[in-house]
Amino acid sequence: MDWQAFRLSLFLACLTAIILIPMGILLAHYLVRRSSWLKQFLEASLTLPLVLPPTVLGYYLLVGFGNTGFLGSWFYELTGNSIVFSFFGILIASLIVNIPFAFIPIQRAFEAIPIELRDAAATCGLNPLKRLWKIELPLAWKGICSATVMTIAHTIGEFGVVLMVGGNIPGQTRTLSIAIYDRVQALDMDGAGVMSFCLLLFSFVTLLLSQILNRKSVVRGAAH
Amino acid sequence: MLKAELIQAGPIYLDMHFECQVGELLALVGPSGSGKTSALRALAGLLPVTQGVIELDQTVWFDSAKNIFVPAHDRLVGMVFQNYALFPHLTALQNICLALPDKVGQEYAYNLMEDMQLVDLQNRYPSELSGGQRQRVALARAFARQPKLLLLDEAFSAVDYPTRKTLYEELIKLRERIAIPIVMVTHDLREARLLSDRMCILDQGQSLQQAPAELIVSSPRNARVAELVGLNDIYSGTFFQGPIPGQKSDPKPGRLLWGQGVDAHPLEIIDKGRLPNQTEVKWVIAGEHIELMREDRGLANTIAARISKIRQLGDIATVQFIFSIAHRPRMQIDLSTRLVNDLEFQLHSDIYVRLDPRGIHIMPVYTNPMQKQAEKLRREKSLNMAVVLLVAGEGARLGNIPKVLLRVSGKTLLERHLESMSALGIQTCVVVTGAYQAVITQEIQALSRQLPKVYLVQNIDSKKGQASSVRMGLEHLSLIVPEPDLVIMMLGDQPLLDVADLRQLVERFKVRTHGQFVFPQVADKRGNPVIMSGQVFREILLQSPEQTVRGYMDSHPEEVDIWQTHNEHFIFDMDTPEDLIMFQKKTGLVIELP
C-alpha cells in the first residue's frame, strides 16, 4: 500500500473540493435567475470537461501550462518553477476537470428552489447575502453535498489528465490511481490489488454517505 | 396612502394606476394574464418596472423619473403567496421569526402566534401542517415584519372553502389591529366583493375601473368591465342625444337604439352627458329597474315579451323572456316565487316588460384586439367606388364664375379633386355641370394625366337646386357603373378637401357599424361629401324621380351614420369673397380667378 500516494490523493481531492465548491455556489447563485446568452455560453463551457476525452484535455493543459506555453512561461518567469510535472500542475488540472461535477449539482439545486421562496425571503426583509445564507444554502444543501462527494470521488479516481500533466513523481504527482497503474506496470499485482480495493471501498462509502445525507434533506424538504 | 403608477411596454405590458388608503383593502381583480400578480410583485419590489411611481405615505419606493428603486428587502412589505411560500427547512416559529425586524424581540412572534392559534404548531415544519395552517403561518409571517403595506397574492385560493372562510375572518380580525393599506390580488369576484373596500378591475395589463364593488357592478365603465364582473345580460345598441321624436322625457333625455340597423328598437334613457351623439354602446340594466306586468300601462320603454323559461329555486324564481321586437333579444331576472305565482306567470305567457330609463346603464364599446383586427380587415377591403362631382353652382356671389376652375398654386380645384380620386383608386367620376359646361369640358380635355374616367352631364335647369343635380348624376352613374359598392357625392368648391380627408371618410364608411350613409359633421354643421352604399344607390333610383338623396336620408335616420369630426376641411367651401380671403389666410396659398 502506497500511503504516500493515498495521502496525496486525499489532499488533492479535498483541496479541489474546498476551492471549487464555494466557486460553484457563487456561480450557480449568480446564474440561477438569469436567462441570457451569457448563461447559455457559460453553462456550455462549464460542462465541456465532462464530454471531452481526458487525453484531449491533458494535451491542451500540457500545451498551455508547459514551459513554452503562454501561461506556463509566464508562471516560470514569475516563480522560477514550472506548472507541469508539479503538484500545483495537477491541482490546476483537477480543478478544471472537476468543474462540471462541482457546478452542475449545485446549479440544479439552486434552480429547484421555487421563485416564490426567494420572493418570500426578500419580502421578509432578508438582503441578498442573508437570503443566500439562511434560505438558499440550506435548501440547496443536498446539491452541495453531492457536488462535494462527486468532486472528491472523481479527483481520487482521475487518471488520464493527471498522468499527462503531472507524470509520476512520488510525493508530488503520484496519486493513488497512478500508483496502481505503476504497480501493474511493475507486475506487482498484489500491491495494485490492495490499493484498488481501498479505492473501491472509499468510493462506495462516500457514495453511501452522500445518499444518507440526501435522504435526510429529502424528508425535510417534502413540503415542496 | 399607497399610490402606484406602473407603465411598461414589455415583456409584460402594464398601464395601471391605483391608490389604496390606510386601512383600506383594495382588490385587484382580473382574468389570468391581466397583470395583477405582476402589479403586486412590482409593489413589493420583486419586479422592476420601466416607468412609474410607487409611493407610500411620504416614502418613495420607486420613481423612474428620479431613478429611485428601493429593493424588496428594504420596503416594509408583508406578502402572502398563493402557495404559502413557507421555508420548508424552518419550523413555523422560525418562519415567523425570520421576518421580525431587527429591533423586535421574539415575544412579538409569540403574541402573533397566540392570536392566530398557532402556538401548538410552533415547532412543526411546514410539511407537517395542513393547508389552512400553513396559510395562517404565512399570514402571521407577513404581519411579523410589521409592514407598512400588506400584499395578498391569491392568498386564499389554494385552500378549501371552509378553511377559506376561517382565513377571511382571521384577516378581518388582523385588519382591525393594524391600519395599513392592503392590496389583494384575486380572480374570485365573490372574494373581492366580500373582503374589499374597493376593487380595481384589470385587463391585459390595464386598470379599467376603480371603485367600490357595488358601484362597479351597477355601473361598469365599459362593456369589458361588465363582462369581467360577471354581468350576464349585456346588450348592444347606439346612443343618441336628445329625446325620441314626438316623445317628452326628463330630466336630460337621450335615446338608445337597441340592436343594429333596421331591426333596432328605440329606448328612452337618461343622458348623463358623458358620451357623444351616435356612440356605439353596450348596455346593462339592474334587476330592480326591470318591471314585469300583465298589461301595458302605457309607460315609457314598455315592450311586449314572452316567457321562455321559468326556474324555481325555493323562494327565488329565475324568469327568462324573449322580447317581441325584431331582433328578439332575451333577458332574465330573479323574482320572488310568490310574485311569479301572484302574476300567474307561466311558460309561454305573454307579458309586458318595462325597462326603467333610470336603470339603463350605457357604456362605450371596449375595442379588444379581436375587434381591432376585424376592423382592420374591413378598412383594408377594396371597394368599387364611384363619384358624383357637383359643379353646377354658378358662383353668383363671387361674380359669376365657375368655382371649380379657381386655381390654387397653379392647379384648378377640379384637377385637384380628380387627382385625389385617382390616388384613392376611384375609376369613375360623373361631373354634373350647369351653365359652365363648355369651359369645364375644355379644362377636362386639357388635363392630360392619368385621372379617373370623367363623364359630363349638364343640368340645364340649375334653378331646381342641388338635389336635382345629385339625382341626375346618380341616374347617369347607374348607366356606367350599375353596381358600385359605394358612391361619393362631392361638391366642387371644397378647396381644402384632399386625398387624406377623402380616405378618412371612406374608411369611416368601411368600419361603420350601422347605416347606409356616412357624412361628416363638424360641431353641429353638416359637412360634405356624403357617402352612400351601392344598396341605397340602387334603391333610390328605383323610387320616383322626385326622391332626393337628402329626402331619403331624412326619412331613414337609422341609416345615417353621422361622423363627428373636428376636421374643418369637410365644411369649408367657397361661396363668398370672404371665403377666398379666409382660405388664403389659412393656407398661405394664392387663388387665381378663372
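Cut-off values and rules
- Sequence positions are assigned chain by chain, starting from 1 and proceeding in written order.
- All chains are assigned letters beginning with A, and all ligands numbers beginning with 1, in the order in which they are written.
- Confidence filtering applies because this is a predicted model: local features only for residues at pLDDT of at least 70, side-chain atom pairs given and counted only at 80 or more, and all residues used for totals across whole chains, interfaces and linings.
- Note: side-chain values were computed over all heavy atoms of the structure, leaving out hydrogens and water.
- Numbering of helices and strands runs from the N terminus, with a helix taken as a DSSP run of H or I at least four residues long and a strand as a DSSP run of E at least two residues long.
- Per-residue accessibility, obtained with a 1.4 Å probe over protein chains only, is compared with the maximum for each type, and a residue is labelled buried under 20%, exposed over 50%, and partly exposed between these values.
- We call two residues in contact when some of their heavy atoms are within 4.5 Å.
- Areas reported here follow the Shrake-Rupley algorithm with a probe of radius 1.4 Å; residue values treat only the protein chains shown as occluding.
- Expected helix span is taken as 1.5 Å per residue step, with the number of steps being one fewer than the number of residues.
- Lines fitted to the C-alpha atoms define the axes, with helices restricted to the stretch that makes contact. Angles between their N-to-C directions range from 0 to 180 degrees.
- Angular relationships are summarised with four words: roughly parallel below 35 degrees, roughly antiparallel beyond 145, roughly perpendicular across 65 to 115, and oblique for the angles in between.
- Throughout, a crossing is termed right-handed when the near helix is turned clockwise from the far one, and left-handed when it is turned anticlockwise from it by less than a right angle.
- Every residue gets a pLDDT, meaning the predictor's confidence in that residue, from 0 to 100.
- Note on pairing: DSSP must find at least two bridges between two strands before they are called paired.
- Accessible surface is computed with a 1.4 Å probe, and the buried area is the amount of it that two parts give up when combined, taken over both parts together.
- Salt-bridge detection follows one rule: a side-chain nitrogen of Lys or Arg within 4 Å of a carboxyl oxygen of Asp or Glu.
- A 3.5 Å cut-off defines polar contacts: any pair of N or O atoms within that distance qualifies, except that in protein one atom must be a possible hydrogen donor and the other a possible acceptor, and neighbouring residues in sequence count only when both atoms are side-chain atoms.
- Three residue categories are used. Nonpolar comprises Ala, Val, Leu, Ile, Met, Phe, Trp, Tyr, Cys and Pro, charged comprises Asp, Glu, Lys and Arg, and polar comprises the others, including Gly.
- Think of a nonpolar core as a cluster: buried Ala, Val, Leu, Ile, Met, Phe, Trp, Tyr and Cys residues, connected wherever their side-chain atoms sit within 4.5 Å.
- Assignment of crossover handedness uses the view with strands pointing away from the viewer, where a clockwise path from the first strand over the helix to the second indicates a right-handed crossover.

Here's the deal with the overall build of chain A
Working step 1: Each helix and strand in chain A was counted, giving 12 helices and 0 strands.
Working step 2: Across chain A, helices and strands are ordered from the amino to the carboxyl terminus as α-α-α-α-α-α-α-α-α-α-α-α.
Working step 3: Per-residue burial over chain A gives 45% buried out of 224 residues.
Working step 4: Intrachain contacts of chain A at a sequence separation of at least 6 include 71% that bridge at least 24 residues.
Working step 5: As displayed, chain A offers around 11800 Å² of accessible surface, 70% of which is attributable to carbon and sulfur atoms.

Some thoughts on the side chain of Asn98(A)
Residue and element names in this part refer to chain A.
Working step 1: With respect to the element layout, Asn98 can be found in the loop between α5 (87-97) and α6 (99-111).
Working step 2: Judged by its relative accessible area of 0%, Asn98 is buried.
Working step 3: Non-local contacts of Asn98, meaning those with residues more than four positions away in its chain, are made with Thr16, Leu20, Thr151, His154 and Thr155.

Quick notes on helix α9 (residues 141-157) of chain A
Working step 1: Taking 1.5 Å as the rise per residue, α9(A) with 17 residues should run 24 Å; its terminal C-alpha atoms sit 24 Å apart, in good agreement.
Working step 2: Along α9(A), the residues classified as buried are Gly143(A), Ile144(A), Cys145(A), Ser146(A), Ala147(A), Val149(A), Thr151(A), Ile152(A), Thr155(A) and Ile156(A).

Remarks on the packing of helix α1 (residues 3-31) of chain A against α6(A)
Residues and elements named next belong to chain A.
Working step 1: Where α1 meets α6, the closest approach of the two axes is 8 Å, and the angle between their N-to-C directions is 40 degrees. Our classification of the angle between α1 and α6 gives oblique. Considering the relative orientation of α1 and α6, their crossing is right-handed. In this structure, α1 uses Leu20, Ile21, Gly24, Ile25, Leu27, Ala28, His29 and Leu31 to contact α6, whose residues at the interface are Ile99, Ala102, Phe103, Ile106, Gln107 and Phe110.

Brief notes about unusual backbone geometry
Residues and elements named next belong to chain B.
Working step 1: With an omega of 0 degrees, the peptide bond running from Asn528 to Pro529 counts as cis.
Working step 2: Its location among the elements puts Pro529 in the loop between β29 (525-526) and β30 (530-533).
Working step 3: Here Asp57, not a glycine, exhibits a phi torsion of approximately 50 degrees, which is positive.
Working step 4: Mapped onto the elements, Asp57 comes out in the loop between β4 (51-56) and β5 (59-63).
Working step 5: The backbone of His348 sits at a positive phi, close to 70 degrees, despite the residue not being glycine.
Working step 6: With respect to the secondary-structure elements, His348 resides in the loop between α9 (337-342) and β20 (350-355).

Some thoughts on the confidence of the model for chain B
Working step 1: In this model, chain B carries a mean pLDDT of 85, and residues with pLDDT of at least 70 account for 96%.
Working step 2: For this predicted complex, the interface confidence score (ipTM) comes to 0.80, while the overall pTM stands at 0.62.

Some points on the sheet that holds strand β32 (residues 591-592) of chain B
Residues and elements named next belong to chain B.
Working step 1: Pairing is antiparallel in the open sheet, where 3 strands are placed in the order β24-β23-β32. Of all the strands in the sheet, just β24 (411-412) and β32 have a single pairing partner and so form its edges.
Working step 2: Both strand β23 (residues 407-408) and β24 contribute to a ladder of 2 bridges, which runs antiparallel. When the bridges of β24 are listed, Val408 appears paired with Lys411.

Structural notes on the interface of chain A and chain B
Working step 1: Listed as interface residues are 24 residues of chain A and, on the opposing side, 23 residues of chain B.
Working step 2: With both chains or domains summed, chain A and chain B bury close to 2000 Å², and 66% of this area falls on carbon and sulfur atoms.
Working step 3: Between the two partners, chain A and chain B, sit 1 salt bridge.
Working step 4: The residue Asp119(A) makes a salt bridge to Arg41(B) at a minimum N-O spacing of 3.2 Å.
Working step 5: Run the count over chain A and chain B and you get 4 residue pairs in polar contact (both at pLDDT 80 or more).
Working step 6: Taken together, the elements giving at least two residues each to the side of chain A that touches chain B come down to α7 (115-123) and α8 (128-139) of chain A.
Working step 7: Grouping the constituent residues of the side of chain A that touches chain B by class yields 13 nonpolar, 5 polar and 6 charged.

Focus on the nonpolar core
Grouped burial of nonpolar side chains is what soluble globular proteins tend to show.
All names here are of chain B.
Working step 1: One finds Phe18 and Leu152 to be the most contacted residues of the largest nonpolar core, which totals 94 residues.
Working step 2: When residues of this core are assigned to their parent elements, the largest contribution, 7 residues, is made by helix α4 (residues 131-144).
Working step 3: Those residues in contact with Phe18 that sit more than four places away from it in its chain are Leu2, Lys3, Ala4, Leu26, Leu28, Ala39, Leu43, Cys200 and Gln210.

So, the pairing of strand β9 (residues 182-186) of chain B
All names here are of chain B.
Working step 1: For β9, the tally of buried residues reaches 5 of 5 residues, placing the bulk of the element in the interior.
Working step 2: Of the two faces of β9, the one holding Ile182, Met184 and Thr186 and the one holding Val183 and Val185 are both buried throughout.
Working step 3: Where strand β8 (residues 149-153) lies against β9, 4 bridges are found, and the strand directions are parallel. Across the sheet, the residue bridging to Asp153 is Val185, located in β9.
Working step 4: The parallel pair β8 and β9, bridged by helix α5 (residues 161-177), forms a crossover whose chirality is right-handed.

Here we look at the pattern of salt bridges
Working step 1: Summed over the entire model, instances satisfying the criterion amount to 25 salt bridges over all chains.
Working step 2: Between Glu111(A) and Lys39(A) there is a salt bridge, with the nearest N and O atoms lying 3.2 Å from each other. Pair noted here: Glu111(A) is in helix α6 and Lys39(A) is in helix α2 (residues 37-51), with a separation of 72 residues, a long-range link.
Working step 3: By relative accessible area, Lys39(A) is classed as buried at 10%.
Working step 4: For Lys403(B), the salt bridge is made with Asp493(B), and the minimal N-O distance between the two is 2.7 Å. On the criterion of sequence distance, the pair formed by Lys403(B) in the loop between β22 (385-391) and β23 and Asp493(B) in the loop between β27 (486-491) and α14 (499-511) is long-range, its members being 90 residues apart.
Working step 5: With relative accessibility at 10%, the residue Asp493(B) sits in the buried group.

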